[in-house]
Amino acid sequence: MSANLLVLGGTTEATALCRTLSDNAICGVVSYAGRVEKPVQQPLPQRVGGFGGVAGLVAYVRAHGVTHVVDATHPFAAQMSRNAVSACAEAGVPLIALTRAPWQAQSGDRWTHVPDIAGAVSALKRPAARVMLAIGRMHLNDFAAHPQHFYLLRLVDAPDSVLPFPDHAVVQARGPFTVADDLALMRHHKIDLLVSKNAGGAGAAAKIAAARRLGLPVIMIDRPALPDRLEAHTPQEILAWLGHSKPDLAGTDLGV
Ligand code: 3Y8
Ligand code: NAP
């Protein structure tokens, strides 16, 4: 039976996987939550919007004859990842996660680890600073508790409501970002503190390197706990999991 994948997308790794699947003529659909107005175009058909919890995902998998699910969502998309584990177990469909290791502090880094967004908000209970808040839009209102700071906000889409910060600037940009651009951005806004999720990967790493270069402190939000599941770190590992890795041709009579 040929494979018919459901890729839970929204990351650089998911984009790389979609390219690999398309290059290997493996059928699948990539799924987005619909968080942003225009998700990047992929070389696979895509669907946008929630499934309707675990039951909705089970129903989707069954209705579309999905043979394998790859959870290539962001490490902070914990609810989606939990739902994928439960739904695939219930539907009896194999699941693997395509994920990336967390960033590790290097020499010169001035990180303060906090367990979650609330921890980052508490860490901002301090005299006024110039804070780069590069965690997207979904949790901004939590930081209204500390209006004394100047906030530099980087968002994928323009804000659709008044932001709860008396002193702020908005940069509308979609990653991946470069160190040179993030250095220039932080210098331009005289940033003296960075708040970041420990996203891992390359797409959001530029600001971490820029903060190191500038000697800035970073409030680093650690990842939420995820259920146990099979994990891979490259599209090639996914191909192998699908049984599509190139056969070992050594010693094979190619008849040429
Ligand atoms: C909708 C799909 C690709 C994927 C690219 C990666 C890299 C660029 C860096 C900063 C940090 C942040 C944010 C970020 C990055 C990649 C990746 C990544 C961080 C898109 C995308 C969707 C989203 C959703 C969006 C969240 C927000 C988070 C912005 C596509 C562009 C801050 C995470 O406005 C909103 O509501 C945005 C919401 C979830 C986190 C949040 O809490 O706000 N991502 N990001 C996905 C969907 O609808 O299912 O449009 O391409 C994807 C990417 N964003 O294909 O190259 O792989 O991480 N995304 C974080 O890491 O902290 C920006 O500014 O420095
Ligand atoms: P989340 O909190 O874990 O998920 C909340 C709900 O959103 C899920 O239960 C599901 O709704 C829906 N959902 C999430 N991802 C989906 C997907 N790929 N396809 C279909 N429905 C999805 O997720 P999130 O943190 O909001 O992330 C949403 C999307 O943004 C994901 O694609 C993720 O990869 C991407 N992203 C997130 C971050 C981040 O910092 N969180 C960073 C970069 C990219 P139902 O229960 O109705 O199925």
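Refer to the structure printed above.
Keep in mind it's a predicted model, so treat the numbers as computed, not measured.

### Thoughts on the site of ligand 1
Item 1. The environment of ligand 1 is formed by 31 residues, the closest being Thr12, Thr15, Ala33, Arg137 and Arg174.
Item 2. One of the side-chain nitrogen or oxygen atoms of Arg174 is found 2.4 Å away from an oxygen atom of ligand 1.
Item 3. For ligand 1, the accessible surface in isolation is 1100 Å², of which the surrounding protein chains cover 93%.

### Regarding the site of ligand 2
Item 1. Near ligand 2, the surroundings consist of 22 residues, among which Ser31, Arg35, Phe51, Gly52 and Lys197 are the closest.
Item 2. Take Met80: an N or O atom from its main chain is 2.9 Å from an oxygen atom of ligand 2.
Item 3. Side-chain polar atom of Lys197 to an oxygen atom of ligand 2: 2.6 Å apart, as the coordinates give it.
Item 4. Against a free-state accessible area of 810 Å², the protein chains account for coverage of 80% of ligand 2.
Item 5. Put simply, the parts of the chain that give the shell around ligand 2 at least two residues each are strand S2 (27-32) and helix H3 (78-91).
Item 6. Looking at the shell around ligand 2 element by element, the count peaks at 4 residues for H3.
Item 7. In the shell around ligand 2, the residues fall into 8 nonpolar, 11 polar and 3 charged.

### Structural notes on H3
Item 1. Compared with an ideal rise of 1.5 Å per residue, which puts 14 residues at 20 Å, H3 spans 20 Å between its outermost C-alpha atoms and is within 8% of the ideal.
Item 2. For H3, the full list of buried residues reads Ala78, Ser81, Asn83, Ala84, Ala87 and Cys88.
Item 3. Of the residues flanking the end of H3, it is Gly92, one or two places downstream, whose phi is positive at about 65°.

### Some thoughts on the sheet that holds strand S4 (residues 68-71)
Item 1. The strand order S3-S2-S1-S4-S5-S12 describes an open sheet built from 6 strands, whose pairing is parallel. Each edge of the open sheet is held by one strand with a lone partner, namely strand S3 (46-48) and strand S12 (231-232).
Item 2. As defined by bridge partners, strand S1 (residues 4-8) adjoins S2 across 5 bridges and the pair is classed as parallel. Residue Val7 lies in a different strand from S2, and its bridge partner there is Val30.
Item 3. Packed onto the sheet, helix H1 (residues 12-23) meets S1, S2, S4 and strand S5 (95-98) and runs at close to 160° relative to S1.

Rules of the game
Residues numbered from 1 in each chain as written. Chains lettered and ligands numbered in written order. Predicted model: local features only at pLDDT ≥ 70, side-chain atom pairs only at ≥ 80, totals over all residues. Heavy atoms only, no water. Near = heavy atom within 4 Å. Polar contact = N/O pair within 3.5 Å; in protein donor to acceptor, adjacent residues only side chain to side chain. Areas by Shrake-Rupley, 256 points an atom, 1.4 Å probe, with all protein chains shown as cover. Helix = DSSP H or I, 4+ residues; strand = E, 2+ residues; numbered from the N terminus. Nonpolar A, V, L, I, M, F, W, Y, C, P; charged D, E, K, R; others polar. Expected span 1.5 Å × (residues − 1). Buried < 20%, exposed > 50% of the residue type's maximum accessible area, 1.4 Å probe, protein only. Pairing = 2+ DSSP bridges. Contact = heavy atoms within 4.5 Å. Axes fitted to C-alpha atoms, helices over the stretch in contact; angles between N-to-C directions.

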